[in-house]
Amino acid sequence: EFDWMITYGARVAAALAALAVLASPAAGSSATIRVNSVGFVPGAPKLATLAISSCGGNWSVVDLKTGDKALEGATLPTRSIDRSTLCLADFSALEKPGKYKLVVSGVGHSPPLLVGVSALNKPFKMAMAGFYMARCGQATPALPDSEDLVTTSSNGRPFEHEMCHAEDGLVDLKHTHESHEHRIEATGGWHDAGDYGKYTVNTAFTLGMLMYGWEHFQGRVEPAQLGIPAGLSPKLPDYLDEVRWGMAWVLKMQRPDGHAYHKLTPTHFEGFGALPHEDKGERYLSPWGTAATGDLAATGAQCYRTFLKYDTRFAEKCLEAAKRAYVALKAHPEPEIADLSGFGTGTYNSIDPHWDLGVRIWAATELYESTHNVSYLQDAEGLMRTLTAPIETCGAVGQPGSKGACKVADQLDWDDQRNLGVIRYLTSSSGKERDPALVAELRAQLQVVTEMYVRTSRTDPYSDPLGGYTKWGINGERARQALTLYAGELILGANKTLEQTGQNTLAMLFGRNPWGRSFVSQLGDWPAAHPHHRPSMVYAEAWPGLLVGGPNGGPTAWSDGWLAFRSNEIAINWNAGLAYALARYYNPPGKPDSDTGKPESESKPPRGSHGKDAKPEGGPLPDDPLPDEAMVWMGDPVKIHDALSRRERAALALETLTDLISPEGIATPEELAEQARDASEAAAEERPPHPHHRIPDVQAAPVVSHVDLPLVELAAAAAGVRRKRREPVPFPPQAVRTLPTPTPAPADNGRQRHHGRQLDSKV
């Protein structure tokens, strides 16, 4: 009875109208003004991209406190050749701390804009709190109330979970390929992404970014106070407390022979209706691999230097584990890819040989820095010399030469970690033992790559250093560019242009993008509201401080849907890039505040004193998840349909319909009301709806299959969106009859990557 189709007509038109209401900025502001709505520090470039057809009109910046004009000017045409209908408003001269709005003549005004030295404190704290809320193997009571943190949902429910996954994990024949079944103590770590699995490669890569953040900006982040309950070492700064939590788990993944287990997950992805402590399925360790082993060696050596001052015993444990891992790694000079045939969860495996090579470079350079043993230096230099691409081929985003045989890559991700090692090598404290010729070549390649970021950013209407290039987790990639850009400043010399390129990238993540929306949940005027993240689905509201993946498959291929895993999932390595980029601008307590000029409070909330020991109120989605063996998410569409709850089916249908709306396809409330009325009349009269401005053309629109939404009710629910607090509209009680037929994303050698996890391309 479910095998039927409806053409693009009255139902889809009404759904588009409803979705356009959902996808609207705060009351009074204009969606055509695309600007960072989170905050600017003095000296940062301040630009807005305007979706208007002609440039030259006037704009002004108005002080929200006094009503006075602080700055004014004229809109300028974008410098992009292929997006000439966009304009720019450049108000970079605005330096005085305060709150403002940008008013564009004939267009409208922006959401409030914050300028000040502490303007990025809140996003930094929220990004770090995202790790705390992702902790596995312990209860995570809600953090203390704070102006810089979102600790409860819109209905007052604390963002927290109880003790979870206390039995991690099991070694057996099917999953680990070890005949003697036994359990090892591998609790701890972070839930990796939208699921509750734990992956050694991605956790180690995340730790590398966070420890670089500590190394580069310790003076700023050491005083940062999150109110994290007392953990493994109560004397640690909150930032290092979080790093230690992740590192302690990575050490548990080491086998007695020095190798590292690749991951710890259930057989299949968990259902969507449970918080972490309600997930009771068995979880297994996978076989080891050289990437996980090398990553343990790298982070273990980095951990030694990071914690030596604070926790000598833990630091020495890290270094000892790093040395054992490196011995095991060198015993296997060729990549050993972990056999994950017993699992249906993510892989974090790659057939690209540069993945394994990059891990080895990073491991050798970190061990050399921690031990000054020249054998590690010789290994690192030998590995880097195998990358022989000419320098002139290393400055184009996504080109085979740049990501392949260049010594400095144009991207930095879990599957290409070479830049972590290159930066360590070029900033080594034992520089006299390095090969001068290799140092010069690496410096030259680093300059080519960073200048490419600057050049691309300057010609893009949203100042995107990647020029609209997309992949899985592109927002994490953008955030992590801050490390490469800052390394350019450290190694090549102070350069304000490199810093401003990174600041423009943050602005893009915070709202200056084709949607005019913040990509960080619960942050900014119009943030991503439906991340592919199980706790958020249970709450029917986004957990805060999570950077979503971003467009994947084209510059505008982003959908803010619960099940839009290709573009709207979250992941710890993406948040790590965000935390690193923001750490540079955290204004420690005692320094002047952005708005008042008075020092921030130096009082620290008592660790663990907030008394959040009660169980969370409310409950999960009403549909119980299927047993582990029956959950085949990302597999057969029929089984997917059977596994989804009614709310999840509705979310997927909404995502499908959302994909039909372009970023410019936002109608006014009046237009939406007219379109909804026309759609209702068209359905009654059995005719197509009249075409409307900013709604896709009826004749050109694609066929939508397997969708049966009560669209009038949906439109009514959408019209009730509570704009002032940006609270999400609850799903209507009616359900989608069946799933739309999934459309494959572009294949990658017959497989797709689920932010580092290979997926069958048939889905």
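Residues numbered from 1 in each chain as written. Predicted model: local features only at pLDDT ≥ 70, side-chain atom pairs only at ≥ 80, totals over all residues. Heavy atoms only, no water.

### As for helix α14 (residues 496–509)
Reasoning step 1: Between its first and last C-alpha atoms α14 spans 20 Å; for 14 residues at 1.5 Å apiece the expected length is 20 Å, and the two agree.
Reasoning step 2: Burial analysis of α14 places 11 of its 14 residues in the buried class, which makes it a mostly covered element.
Reasoning step 3: Among the residues of α14, L498, E499, T501, G502, Q503, N504, T505, L506, A507, M508 and L509 are the ones counted as buried.
Reasoning step 4: Considering only its buried residues, α14 is in contact with β3 (47–50), α12 (436–459), α13 (474–492) and α17 (572–583).
Reasoning step 5: A side-chain oxygen of the first residue of α14 lies 2.9 Å from the backbone nitrogen of T497; this N-cap is N495.
Reasoning step 6: Once α14 ends, the next one or two residues include G511, with phi positive near 140°. (Helix = DSSP H or I, 4+ residues; strand = E, 2+ residues; numbered from the N terminus. Expected span 1.5 Å × (residues − 1). Buried < 20%, exposed > 50% of the residue type's maximum accessible area, 1.4 Å probe, protein only. Contact = heavy atoms within 4.5 Å. Polar contact = N/O pair within 3.5 Å; in protein donor to acceptor, adjacent residues only side chain to side chain.)

### With respect to the packing of aromatic side chains
Reasoning step 1: Applying the stated criterion across every chain, the model contains 21 aromatic pairs.
Reasoning step 2: Seen in terms of ring centroids, F217 and Y580 are 5.3 Å apart; in terms of plane orientation they differ by 55°. Their pairing is tilted. Taken as a pair, F217 in helix α4 (residues 200–221) and Y580 in helix α17 lie far apart in primary sequence, 363 residues in all. Comparing F217 with Y580 shows no difference in burial state: the two are buried.
Reasoning step 3: One aromatic cluster is present, built from ring pairs that chain together F124, W214, Y239, Y310 and Y586.
Reasoning step 4: Above the ring of Y539, the side-chain terminus of R157 is found at 3.9 Å from the ring centroid.
Reasoning step 5: Of note, R244 hangs over the ring of F314, and the distance from its end group to the ring centre comes to 4.0 Å. (Phe/Tyr/Trp six-rings, centres within 6.5 Å; stacked < 30°, edge-to-face > 60°. Lys NZ or Arg CZ within 6 Å of the ring centre and 35° of its normal.)

### Comments concerning the sheet that holds β3
Reasoning step 1: With respect to topology, 4 strands assemble into an open sheet ordered β2-β3-β7-β6, the strand pairing being antiparallel. Single-partner strands in this sheet number two, and they are β2 (33–35) and β6 (76–77).
Reasoning step 2: Summarising the sheet, β2 and β3 pair through 3 bridges and their orientation is antiparallel. Looking at the pairing, R34 lines up with T49 of β3. (Pairing = 2+ DSSP bridges.)

### Structural notes on the packing of helix α5 (residues 238–252) against helix α6 (residues 290–307)
Reasoning step 1: Following both chains from N to C, one finds α5 and α6 inclined at 145°, their axes separated by 11 Å at the closest point. Taken as a pair, α5 and α6 cross one another with a handedness that is left-handed. Seen from α5, the contacting residues are L240, V243, R244, M247 and V250; seen from α6, they are L296, T299, G300, C303, T306 and F307.
Reasoning step 2: Tallied by class, residues from the contact of α5 with α6 come to 7 nonpolar, 3 polar and 1 charged. (Axes fitted to C-alpha atoms, helices over the stretch in contact; angles between N-to-C directions. Left-handed = near helix turned anticlockwise from the far one by under 90°. Nonpolar A, V, L, I, M, F, W, Y, C, P; charged D, E, K, R; others polar.)

### What to know about the state of the cysteines
Reasoning step 1: The final tally for this structure, using the stated rule, is 3 disulfides.
Reasoning step 2: Covalent S-S linkage joins C303 and C318, the inter-sulfur distance amounting to 2.1 Å. As the torsion about the S-S bond is roughly 55°, the C303-C318 disulfide counts as right-handed. Here the residue C303 occupies a position in helix α6, and C318 occupies one in helix α7 (residues 312–330), the gap between them amounting to 15 residues.
Reasoning step 3: Sulfur-sulfur distance for the disulfide between C394 and C406 comes to 2.0 Å. (Disulfide = S-S within 2.5 Å.)

### Details of the pattern of salt bridges
Reasoning step 1: Scanning all chains against the criterion turns up 32 salt bridges.
Reasoning step 2: Of the charged contacts, one joins R534 and E270 as a salt bridge, the two residues approaching to 3.6 Å between their closest N and O atoms. In this pair, R534 sits in helix α15 (residues 534–539) while E270 sits in the loop between β14 (263–265) and β15 (284–285), placing the two residues 264 residues apart along the sequence.
Reasoning step 3: Its relative accessible area of 1% is what places R534 among the buried residues.
Reasoning step 4: Here E499 ties to K496 by a salt bridge, and the two come within 3.4 Å at their closest N and O atoms. Taken as a pair, E499 and K496 lie in helix α14 at a separation of 3 residues, close to a single helical turn.
Reasoning step 5: By relative accessible area, K496 is classed as partly exposed at 44%.
Reasoning step 6: Among the ionic contacts, a cluster of salt bridges with common partners joins E215, R305, E366 and R424. (Salt bridge = Lys/Arg side-chain N within 4 Å of Asp/Glu carboxyl O.)

The values reported here are purely geometric and, on their own, carry no functional implication.
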